[in-house]
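# Commentary on secondary and tertiary structure
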Amino acid sequence: MKKIINRFKKNPMLLVFLVILVFFAPFALFSPGESTRCSIVTAVGVDKLGEEYEVSLLTFIPTANQTYLETNSVVTGKGKSVAEAISNAGLTLGKKVCLSHAKTTVISTKLMQDDIAKDIDYLGRVASLSENTILICTDNPAKEFLLAAQTLEKDIGLKLEELISYNVDNVYVTDTSVEAFFKGYYSQTGSSIIGYLKLASGEGEEKSQADSSQGGNQSGGGQSGGNQNSGGQGEESGGESGIDAQDEVSGYSSSQASSGGSSGSSSQSGNSDKKVLNSGEVVLIKNGIMVDKLSTEQLHGINIINGNAIDRTITIENVTDESYQDAMLTYTVKNKRVKITTKFENGHPIFRIDVILGLELVEGKEGETNIRTNTELSDISEEVAGKVEQFLKSRFQDTLKVLRKNKTDVIGVTQKFERENKKEFRKFLRSLDDPDDFLNFMNFELVIKVQPD
Amino acid sequence: MKDTTISARQAGMICAVLVLANKIFLLPSLIYEGAKSDGFFVALMLFIVDLFVLTTFFMLKAKYPNNTLNYILEKHIGKFFSKLIYIVLMFFFLFKVLLTYSVVYAYLKGQVYQDEFALLALISVIPVVNHAVVTGLRSFSRTIELYFYAISAGVLICLAVALVNNQGMPYFFNTSVPEFFNSAFKHIFTFGDYIFLFLIIDKIKMEKKEGKQILKFAGIGIFFVLSIFFLFYSIYQITAFMHNNALTDILSASNQSNSVGRLDVIAMLTIMFLSYFQLSIFAFGFSEAFCNVFHKLNRAYSVAVFDVIFLIVYVILVGRYENMLLYTRSWLPYLALVTNYLIPLMIFFMALPKKKGVKYEKNY
């Protein structure tokens, strides 16, 4: 004993350690498990009912299970503010609401009739919610969306966050997080872009499945299917048409509600036949208000100048050159280099985009027969390059029209000019009656160079 | 007699740890409110001024290689003013401890210990800090030396991940000159940490040109802080005001880094180690000043007094860390004006050679 006391005397730090142990060990030993105190929220939905907010939380319920299915539940809470509503949802749950695992925030288009920044301000600031939480909107109440999303995994083994993640990486290819929304909102132009997912009822499901299969047939037949607009444009511009394989609308049906069920004030009745439809659309937001919707083709129009957006497919028709006769060729963008430069010429701003595309021929047909050459080493003729260029330029122009109409700069024109020609750009803005409308007075030069991968 | 001296290398590491104090969580966001992304230049400017203070330290050390600060001050301005300076420094270091503790507590409460309360957290801080002060500068300097590279690795990992998340250059040159200097003034209390070196001037063993070691590590600390500022402003750009924990936030700003689970644990561990050292250094600064005001009382007394004053001020005056931040930007800058600039300026004149033409051996 004396030895021990002497050891403590010689090393007072041991005493400190003992004191800390005495205070903290009982807390640690007798405190309940984290999952019994905290609810694991994977998605947050915000709705407004009159003057009150209704926050819905898609919550993971950790339960022993013999399958790989997760049990989820949608819990709601109401309050005068989003923070209060989340806190009230905690009351329903009987647990503390933990947002660290929330990867998705859903808002309804109805909420977006007014400035949504004030509605989701809390979500932008709360430290426990990751900055990269993806913000999406839906045509139905967010609560219904989360109820429908619940069934995704049960029916087709797809989690909502996986679907969103797929869209972010492969369809939007741009930052559509809560953080990115606020960056756009607080920027000079007040413009942001976020993802859009629809909900369809049972009837819509059937229709969508029909559309989907129809689209597939049309794609197989070399037509634009779900992209009839672009097909039409193609015809107008000399019979060309283009379609990206990823453009097709896919739907996820849900036959019944998941086992998790809802609690609190949420209800699943009437939602069992709703399903999430992913058509790769996005929504344009100006000063926090939704101003327009971009189709997948229009979104791809933006992504032409996005160096990260590769692996797209481009289909051109009526190709006749030294190798092919009246062929339909499908290329995949294997690599892309984008260089954006800004300058002023005689006081006119010029936004020049140089795009170098590395294309690989992946499919081709001459009339009704497949092409009988190895596509791996195929060259790109001037005819093909011209058609690809024309197709991409026309798609970019279409998107630009929408952006100009809505005065939404979501392609970073202002940022680029602010960095490179700040003084001249500000002078240019001052010279306009409506500086917000500057896109209409901006000259865009899109130079596309196509080369084999 | 027990050796209480530390090497120039250890002093340099203390400098680096001090430079990181209170500047890598909330400060980039707070400065952004006033100076936008030019907050980077605010920090740069204040660091440059701090480097002049460090140069003054080298000059003083060259002139008085083995004397205590107390001796130097008494020699030039007499006992009364010397004590007055020490009292001012006591308050300075006390509020530095309060600020550091408040900010770190708020950070850890938000990130990890949501259910814990301040006094319980104090139980894990005060004994360690007390022990560090009582055992003396030499022992905790050696501990810092031991952990310094682990801390540096933590910061470097955060910076490397942030580089991946980087989204371009911050928007510079968007503030007016008054806004810029107003913002600089509001945050000077967070800077000016090199004054600590003056307190331990007699305890730093500096052979020929060994001052370079101090400069090197001070430079590393400044590089870390400025890199964090730069990356924070380049990642968050115009929403920097919405993010409170720069070191953690630069880590968790992208989908890629977030897919590696809770990567912010690296930032948390780094911050925890750093905070213990920073609190110990500031508490030692208080204790050193206290011992020079009350010559007859030894270090154990100073620690007891520190604990009592710290607890009283924390519970009554500070309470919430928001209050501490308010003080930091309202009246504490005036205290910092004295400690960061007036006292070093006065010491600069003391460090000048007595006669023209006399040159002391350059130590850096």
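Residues numbered from 1 in each chain as written. Chains lettered and ligands numbered in written order. Predicted model: local features only at pLDDT ≥ 70, side-chain atom pairs only at ≥ 80, totals over all residues. Heavy atoms only, no water.

### Structural notes on the interface of chain B and chain A
Counting residues at the interface gives 29 residues for chain B and 30 residues for chain A. Contact between chain B and chain A buries roughly 2600 Å² in total, counting both sides, with carbon and sulfur atoms accounting for 53%. The interface formed by chain B and chain A includes 0 salt bridges. Across the chain B-chain A interface, the total number found is 9 residue pairs in polar contact (both at pLDDT 80 or more). Taken together, the elements giving at least two residues each to the side of chain B that touches chain A come down to α5 (118-135), α9 (211-236) and α11 (255-258) of chain B. Grouping the amino acids of the side of chain B that touches chain A by side-chain chemistry returns 15 nonpolar, 12 polar and 2 charged. (Contact = heavy atoms within 4.5 Å. Buried area = accessible area lost by both parts, 1.4 Å probe. Salt bridge = Lys/Arg side-chain N within 4 Å of Asp/Glu carboxyl O. Polar contact = N/O pair within 3.5 Å; in protein donor to acceptor, adjacent residues only side chain to side chain. Helix = DSSP H or I, 4+ residues; strand = E, 2+ residues; numbered from the N terminus. Nonpolar A, V, L, I, M, F, W, Y, C, P; charged D, E, K, R; others polar.)

### A short note on unusual backbone geometry
Positioned with a positive phi, N287 of chain A is a non-glycine residue whose angle comes to about 50 degrees. The residue N287 of chain A is located in the loop between β10 (275-286) and β11 (289-294) in this model. One non-glycine residue, N22 of chain B, lies in positive phi territory at about 60 degrees. Along the chain, N22 of chain B falls in the loop between α1 (8-19) and α2 (27-35).

### Thoughts on the environment of T42 of chain A
Residue and element names in this part refer to chain A. Its place among the elements puts T42 in strand β1 (residues 38-49). Taking relative accessible area as the criterion, T42 reaches 16% and is therefore assigned buried. Here the alpha-carbon distance between T42 and T133, two residues 91 residues apart in the chain, equals 9.9 Å. Setting aside chain neighbours within four positions, we find T42 in contact with L58, F60, H101, A102, K103, T104 and E161. (Buried < 20%, exposed > 50% of the residue type's maximum accessible area, 1.4 Å probe, protein only.)

### Section: a nonpolar patch on the surface
A cluster of nonpolar side chains, contributed by L15, F17, L18, V19, L21, V22 and F23 of chain A, occupies part of the molecular surface with about 620 Å² of accessible area. Position of V22 of chain A among the secondary structure elements: in helix α2 (residues 12-30). (Patch = residues over 30% accessible without salt bridge, like charges linked within 9 Å, V, L, I, M, F, W, Y side chains within 5 Å. Areas by Shrake-Rupley, 256 points an atom, 1.4 Å probe, with all protein chains shown as cover.)

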